[in-house]
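What the coordinates show
Spelled out, the chains give:
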Amino acid sequence: MTTGDAAVKVRDVSHQFGEPGDPQFVRALLDTNLDITRGELLCLIGPSGCGKSTLLNMIGGLLAPSAGTVEVNNKLVRAPLPRDIAFVFQENALFPWCTVIENVKLGMVFQGVPKSEQDARAKKSLEAVGLKDFMNHYPAQLSGGMRQRAALARALSLETSILLMDEPFGALDEQTRMILGEDLSVLLAATGKTIVFVTHSLGEAVFLADRVAVFSARPGHIKEIIAVDEPHPRKPSFVTTEKFGKLRNTLYGLLHDEIRKAVEQSAMAGPGS
Ligand SMILES: Nc1ncnc2c1ncn2[C@@H]1O[C@H](COP(=O)(O)OP(=O)(O)OP(=O)(O)O)[C@@H](O)[C@H]1O
Ligand SMILES: [Mg+2]
């Protein structure tokens, strides 16, 4: 799909780690093309090792593609763009020796936000994720779900138009991630941000996404894109609808063969395939 106003344009992107012949050589991504529309939430889903994080890191300018280009807000990505993009990673993204609010402010320090604005912005984003009462706690004093809320608050406080989330709820139990998903849907519907969200959970993808991009086994490329035509914020009852079940089943069908291929690949051929 091509859109004039795409926030992110991925063009013929391939990536390999190492050189052919190296024992560690991996062809991670192959000829990937993707346009991410401004304001949409796009989920990336696919077998482990298919290149989802690699693609996210290239969009975020943390990694340069071996071939092809990535554009963000009509700029060619050559390095991180902290004014355009904020990241939320899976876990352990908080400094344990800083309180929650200090952790949130650190992101703004790196982005160069004036000191006079940092306190108000940190409190506003902590309020948005429901953590204002815990701003003086240390990460070790929080539950896993609360830590991820804090990491989200840090990303929100940067006020970027794009948010990249790499399995942000991946280390959490099913109930906690369900509630976080519901809260995220409400929160993000209000922000109008463009979000790329990597998940292994089919249900999470259908619940959150405007579109779900399904990756093939390695070398990864986008096998199919499924649209989830349901307004935001999504109601918790969406999960119990026939529409939700059908979309989840479609994703399961698309993914199943790729996951089996990926498992056989790693059992038979090792990483250098
Ligand atoms: N820095 C690196 N050096 C060498 N190989 C790497 C590096 N990072 C990733 N790879 C390899 O590239 C492939 C794609 O990795 P990537 O982390 O993008 O997969 P993923 O889809 O995010 O997987 P998961 O779902 O398990 O997080 C994997 O085979 C991985 O081993
Ligand atoms: Mg990953």
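The preceding data block contains the structure.
Attention here is on the structure that accompanies the text. Note that residues are indexed from 1 along each chain, following the sequence as it is written. Here chains are named by letter from A upward and ligands by number from 1 upward, in the order in which they appear as written. This being a predicted model, a pLDDT of at least 70 is required before a residue's local features are given, and a value of 80 or more before pairs of side-chain atoms are given or counted; all residues contribute to the totals for chains, interfaces and linings. As a rule here, side-chain values cover all heavy atoms of the structure and leave hydrogens and water aside.

1. Things to note about the pairing of strand β6 (residues 85–88)
Applied cut-off: Each residue's exposure class comes from its accessible area (1.4 Å probe, protein chains only) as a fraction of the maximum for that residue type: buried when under 20%, exposed when over 50%, partly exposed otherwise. Numbered from the N terminus, helices here are DSSP runs of H or I no shorter than four residues, and strands are runs of E no shorter than two. Pairing between two strands requires that DSSP report at least two bridges joining them.
Of the two faces of β6, the one holding Ile85 and Phe87 and the one holding Ala86 and Val88 are both buried throughout. Across 4 bridges, the pairing between β6 and strand β7 (residues 162–166) is parallel. Bridging across to β7, Phe87 finds its partner in Leu164.

2. Here's the deal with the sheet that holds strand β10 (residues 222–227)
To be explicit about the condition: Interaxial angle, 0 to 180 degrees, is taken between N-to-C directions of lines fitted to C-alpha atoms, where a helix line uses only the stretch in contact. In this description, contact between two residues means that some pair of their heavy atoms is separated by no more than 4.5 Å.
The sheet built from 6 strands is open, its strands ordered β6-β7-β8-β3-β9-β10 with mixed pairing. Whereas interior strands pair on both sides, the edge strands pair on one side only; in this sheet they are β6 and β10. In this sheet, neighbouring strand axes are inclined to one another by 15 degrees on average, regardless of whether the strands run parallel or antiparallel. Its contacts with the sheet put helix α1 (residues 52–59) on β3 (41–45), β6, β7, β8 (194–198) and β9 (211–215), and the angle it makes with β7 is roughly 155 degrees.

3. Topic: the site of ligand 1
Note the following rule: Proximity criterion: a residue is near a molecule or strand once any of its heavy atoms comes within 4 Å of it. In the analysis that follows, any N or O atom pair within 3.5 Å is treated as a polar contact, provided that within protein one partner can donate a hydrogen and the other can accept it, and provided that, for residues neighboring in sequence, both atoms belong to side chains. Here the accessible surface of atoms and residues is derived via Shrake-Rupley with a 1.4 Å probe, and residues count as covered only by protein chains that are part of the display. Gly is placed with the polar residues, together with every amino acid not listed as nonpolar (Ala, Val, Leu, Ile, Met, Phe, Trp, Tyr, Cys and Pro) or charged (Asp, Glu, Lys and Arg).
Close to ligand 1 lie 14 residues, the nearest being Ser48, Gly49, Lys52, Thr54 and His200. A distance of 3.4 Å is found between an oxygen atom of ligand 1 and a side-chain nitrogen or oxygen belonging to Glu167. A distance of 3.1 Å separates an oxygen atom of ligand 1 from a polar side-chain atom of Arg218. Protein chains bury 64% of the 630 Å² of accessible surface belonging to ligand 1 in isolation. Elements that contribute at least two residues to the shell around ligand 1 include exactly β2 (26–37) and α1. Partitioning the shell around ligand 1 into residue classes produces 5 nonpolar, 6 polar and 3 charged.

4. With respect to the layout of surface pockets
The condition that has to hold: Here the term cavity refers to a set of points on a 1 Å grid, laid over the protein atoms alone, in which a 1.4 Å probe fits but cannot get out; the term pocket refers to an open set having protein on both sides within 12 Å along at least five of seven lines, with lining residues being those that place an atom within 4 Å of a point. Grid points are joined across faces, edges and corners, and a volume is the space filled by probe spheres set on the points.
Within this model, the largest pocket holds a volume of roughly 480 Å³. Here the residues of the lining of the largest pocket are counted per class, giving 16 nonpolar, 3 polar and 1 charged. Here the second largest pocket is characterised by a volume of approximately 260 Å³. What lines the second largest pocket is a set of 13 residues, among which Glu174, Met178, Ser201, Gly203 and Glu204 lie closest to the centre. When residues of the lining of the second largest pocket are traced back to their parent elements, those giving at least two are α5 (174–191), α6 (202–208) and α7 (242–268). For the lining of the second largest pocket, the residue count by class is 5 nonpolar, 3 polar and 5 charged.

5. Focus on the packing of aromatic side chains
This is how it is decided: Here is the rule: rings of Phe, Tyr and Trp (six-membered ring for Trp) pair when centre to centre is within 6.5 Å. Planes less than 30 degrees apart are stacked, more than 60 are edge-to-face, and the remainder are tilted.
Taken as a whole and judged by the stated rule, the model has 5 aromatic pairs. Between Phe87 and Phe89 the ring centres are 5.0 Å apart and the planes differ by 10 degrees, which places this aromatic pair in the stacked class. On the accessibility criterion, Phe89 (34% relative accessible area) is partly exposed. Pairing Phe207 with Phe238 gives two aromatic rings, centres 6.4 Å apart and planes at 35 degrees, and the pair type is tilted. Of the two residues, Phe207 sits in helix α6 while Phe238 sits in the loop between β10 and α7, which places them 31 residues apart along the sequence. Phe238 sits in the buried class, given a relative accessible area of 3%. Clustering of aromatic rings is evident, with ring pairs tying together Phe207, Phe238 and Phe244.

6. So, the pattern of salt bridges
In plain terms, the rule: Salt bridge criterion: a side-chain nitrogen from Lys or Arg within 4 Å of a carboxyl oxygen from Asp or Glu.
Applying the stated criterion to the full structure yields 16 salt bridges. Where Lys132 meets Glu127, a salt bridge forms, and the shortest distance between an N and an O atom there is 3.9 Å. Taking the relative accessible area as the measure of exposure, Lys132 reaches 32% and is therefore partly exposed. Between Glu230 and Lys243 there is a salt bridge, with the nearest N and O atoms lying 2.8 Å from each other. One end of the pair, Glu230, is in the loop between β10 and α7; the other, Lys243, is in helix α7, with 13 residues separating them in the sequence. Each of Lys105, Asp119 and Lys123 takes part in one network of salt bridges that share partners.

That's the geometry; what it means functionally is another story.
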